[in-house]
Amino acid sequence: MINSVNSLSSLSITRDLSGVDLGKSQASSSAQSATNDASFASVLGNAATNAVNSIKGAENMSFEGIKGTATTREVVDAVMQAQQTLQTAIAIRDKVVSAFLEITKMQM
């Protein structure tokens, strides 16, 4: 989960501000926006993949704990990490749904 959160922290709004030139034309600004959209999609896809891998890892660790090849501490750490990953995914989903509902309420 820590790795997932670290990768999500790369979504910081100030991360790419050093390369932004405020004097650019509208066309180049649109091209930059399209590039950022692809980047956002890939970051979001990577976060989802990491979340699934974290949950699968916790499941495998719990099986290893049942077999006796993993310590209780390792199993608890993996399950807690998976729980935190799931809570993060649910929070992101809720924000996306909320944003979608706000957009649909806008008058055109």
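The structure under discussion appears in the preceding block.
Residues numbered from 1 in each chain as written. Predicted model: local features only at pLDDT ≥ 70, side-chain atom pairs only at ≥ 80, totals over all residues. Heavy atoms only, no water.

Undergrad: What's the story with the overall build of the chain in this structure? I'm lost.
TA: Secondary structure summary: the chain contains 3 helices and 0 strands in total. Along the chain, helices and strands appear, N-terminal first, in the series α-α-α. Every one of the 108 residues in the chain was classed for burial, and the buried ones make up 12%. Taking as baseline every contact in the chain between residues at least 6 positions apart, the subset at least 24 positions apart corresponds to 73%. (Helix = DSSP H or I, 4+ residues; strand = E, 2+ residues; numbered from the N terminus. Buried < 20%, exposed > 50% of the residue type's maximum accessible area, 1.4 Å probe, protein only. Contact = heavy atoms within 4.5 Å.)

Undergrad: Is there a simple way to think about the environment of Thr72 in this case?
TA: Topologically, Thr72 is positioned in helix H3 (residues 72–105). For the pair Thr72 and Met61, spaced 11 residues apart in sequence, the C-alpha to C-alpha distance is 9.7 Å.

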